[in-house]
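An overview of the molecular structure
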Amino acid sequence: MFEGATLIITFAAVILIFLISGVILGIQYRKKVSEREIQSAEERAKSIINDSIKAAENKKREALLEAKEEIHKNRGEYEREVKERRAEIQKQERRLQQKEEMLDKKTEIFENKSETLTKKLSDLDEAHEEVAVVKRDQLELLEKISGYTVEEAKAFLIKNIESEVTHEAAMKIKDIETRLKEDADQKAREHITIAIQRIAADHVTEAAVSVVPLPNDEMKGRIIGREGRNIRAIETLTGVDLIIDDTPEAITLSSFDPVRREVARIALEKLILDGRIHPARIEEMVEKAKKEVDAIIKAEGERATFETGVHGLHPEVIKILGRMRYRTSYGQNVLNHSIEVSHIAGLLAAELGTDVAIARRAGLLHDLGKAMDHEVDGTHVTIGVDLAKKYKESEEVIHAIHAHHGDVEPRTIIAGLVQAADTISAARPGARRENIESYIKRLEKLEELTCSFTGVESSYAIQAGREIRIMVKPEEVSEDEMILLAREIAKKIEGELDYPGQIKVNLLRETKAVEYAK
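Below is a short write-up of the structure. Note that this is a predicted model, so its numbers are computed, not measured.

1. Some remarks on the sheet that holds strand 7 (residues 467–472)
If you trace the 3 strands from one edge of the open sheet to the other, you get 6-7-8, paired in mixed fashion. Every interior strand has two partners, whereas the edge strands, strand 6 (456–462) and strand 8 (504–509), have only one. Averaged over all neighbouring strand pairs, the angle between strand axes comes to 20 degrees, with direction disregarded. As paired elements, strand 7 and strand 8 share 6 bridges and run parallel to each other. Paired with methionine 471 across the strands is leucine 508, a residue of strand 8. Against the sheet, helix 14 (residues 479–496) makes contact with strand 6, strand 7 and strand 8, and its axis sits at roughly 150 degrees relative to strand 8, the strand it touches most.

2. Quick look at the environment of methionine 285
By the element assignment, methionine 285 lies in helix 6 (residues 279–308). When the C-alpha positions of methionine 285 and isoleucine 266 are compared, they lie 8.5 Å apart, and in sequence the two are 19 residues distant. Ignoring any residue separated from it by four or fewer positions in sequence, one finds methionine 285 in contact with Ala267, Lys270, Leu271 and Asp274.

3. As for the pattern of salt bridges
What the rule picks out here adds up to 16 salt bridges. Among the salt bridges present, the one from arginine 265 reaches glutamate 262, with a minimum N-O distance of 2.5 Å. Linking arginine 265 with glutamate 262, this pair stays in helix 5 (residues 258–274), spanning 3 residues, or about one helical turn. The exposure class assigned to arginine 265 is partly exposed, which follows from its relative accessible area of 22%. By relative accessible area, glutamate 262 is classed as buried at 11%. Counted as one network, the salt bridges with shared partners bring together Asp274, Arg276, Arg281, Glu284 and Lys288.

4. Some remarks on the side chain of glutamate 300
Tracing the backbone through its elements, the reader meets glutamate 300 in helix 6. Glutamate 300 gets classed as buried once you look at its relative accessible area, which sits at 14%. At 2.8 Å, the side chain of glutamate 300 forms a polar contact with the side chain of arginine 303. Leave out the neighbours within four places in its chain, and glutamate 300 touches Gly322, Arg325 and Leu335.

5. Overview of the nonpolar core
Ranked by internal contacts, the top residues of the largest apolar core, which has 40 residues, are Leu313 and Leu365. At the level of elements, helix 7 (315–323), helix 8 (334–352), helix 9 (356–365), helix 10 (380–390), helix 11 (395–403) and helix 12 (413–427) are the ones that each hand at least two residues to this core. It is helix 8 that provides the largest number of residues to this core, a total of 8 residues. For leucine 313, the residues in contact, after removing those within four places along its chain, are Thr305, Ile318, Leu321, Arg361, Leu364, Leu365 and Glu393. Counting residues in each nonpolar core, the second largest holds 27 residues, with Ile234, Ile282, Val293 and Tyr326 among its members.

What counts, and at which threshold
- Residues numbered from 1 in each chain as written.
- Predicted model: local features only at pLDDT ≥ 70, side-chain atom pairs only at ≥ 80, totals over all residues.
- Heavy atoms only, no water.
- Pairing = 2+ DSSP bridges.
- Helix = DSSP H or I, 4+ residues; strand = E, 2+ residues; numbered from the N terminus.
- Axes fitted to C-alpha atoms, helices over the stretch in contact; angles between N-to-C directions.
- Contact = heavy atoms within 4.5 Å.
- Salt bridge = Lys/Arg side-chain N within 4 Å of Asp/Glu carboxyl O.
- Buried < 20%, exposed > 50% of the residue type's maximum accessible area, 1.4 Å probe, protein only.
- Polar contact = N/O pair within 3.5 Å; in protein donor to acceptor, adjacent residues only side chain to side chain.
- Core = buried A, V, L, I, M, F, W, Y, C linked by side-chain atoms within 4.5 Å.

As structure tokens, this is what we get:
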């Protein structure tokens with residue numbers, strides 16, 4: 001057993017020696033391999049370093065070459081730029097030198113001219129003195145020859161020149177007015193004739209008095225009622241005065257408001273037909289009459305817009321137009337007048353080639369304020385302008401309403417056409433009537449105005465006020481001054497008087513010589 005254990009130990013020792021020998025040999029082999037790798041790495045490192053050094057030197061040489069080339073190039077450009085600038089500077093120096101030489105020459109010329117001018121001024125002063133002496137001598141000689149002083153001669157010449165200028169101005173004005181009147185009258189006659197021929201209108205004036213016929217005179221007592229209660233109820237509810245007089249079988253209605261008068265007329269006719277007349281029934285009939293009149297007003301406004309072809313009006317404007325059915329001006333129905341003006345303005349606009357729709361619209365609305373002038377303060381023109389602005393009408397329509405009676409100067413063709421159409425509609429035969437008192441006052445005022453001019457001996461209004469015949473004093477007004485005087489009188493008439501149509505100013509100058517043969 002001991003020998004076996006010894007063998008095992010010996011075997012283990014041999015194995016251990018082999019292992020140690022193997023490890024030592026492995027370490028030595030690994031060391032040799034590592035040394036060879038280190039040597040190889042050092043050789044590669046040296047090779048890389050040498051390559052890098054060579055590459056760096058090559059790059060350095062290339063960079064130096066590029067730098068030298070860039071420096072050479074920049075030096076060439078700089079030298080070229082310097083040469084160009086030197087050439088430019090030399091050129092500018094030459095220019096400055098030339099300018100200095102030219103300035104020196106001009107200065108020398110100016111000094112020479114200044115000396116020449118000074119000499120000429122001194123010569124001119126001497127000549128002026130000589131002329132003044134000669135002029136004084138000549139004036140003294142002329143005064144001696146003519147017998148006039150200088151002031152008297154000036155006055156004589158001015159008087160002659162004024163006379164000649166007045167004559168020439170009068171002749172020129174006459175010539176221009178003649179030509180303008182011929183052309184304007186011809187054109188206006190053509191356009192107005194065409195417009196009037198294309199419109200048909202009644203020539204009968206309308207009455208502004210409402211008369212209600214009665215079946216018998218007994219009905220008057222029933223309308224008055226016991227102690228006048230019925231007539232008081234009617235007057236209170238309608239705002240209309242009932243005039244019951246000796247007129248057989250008729251009652252007259254009086255009110256400043258035509259709509260109220262129409263309501264009262266319809267209510268009274270209904271009461272007469274019904275036969276039951278008492279305050280309660282009167283109130284019922286007045287309400288029915290108001291509704292009926294409102295419906296008529298709306299229908300009449302719509303009729304006016306349909307007949308004239310004017311669309312897009314505000315509903316309240318249509319109602320206001322309908323109210324004009326019950327409004328008259330000098331006996332002429334205002335709604336029919338407005339429709340007529342709309343048609344005439346549209347026809348004139350068509351003849352002149354301007355906007356027909358705007359002309360018709362402005363013509364229809366030009367008297368809009370007359371429907372409200374009993375309820376609102378101000379002239380119908382001002383009221384119409386305010387209503388047109390309130391209901392968003394165009395500026396052209398508002399201006400035409402404002403200018404149709406000359407309150408402002410017409411600035412547009414439409415305003416002028418509406419003004420002309422209004423005059424045509426109002427001035428045509430039978431359109432309006434005028435009471436005798438206002439007619440006589442208008443003629444008297446026309447004669448007084450013309451007699452206020454210096455040189456007028458007498459004046460006479462003829463042709464129903466459409467012509468004023470003026471006799472002038474021949475010793476105060478010459479033939480040339482008559483043209484100017486007629487123009488002044490016409491302008492004053494236009495500015496101070498209101499009249500339909502136009503007035504012809506006719507001046508007459510008569511010189512008489514009387515002698516007796518004995």
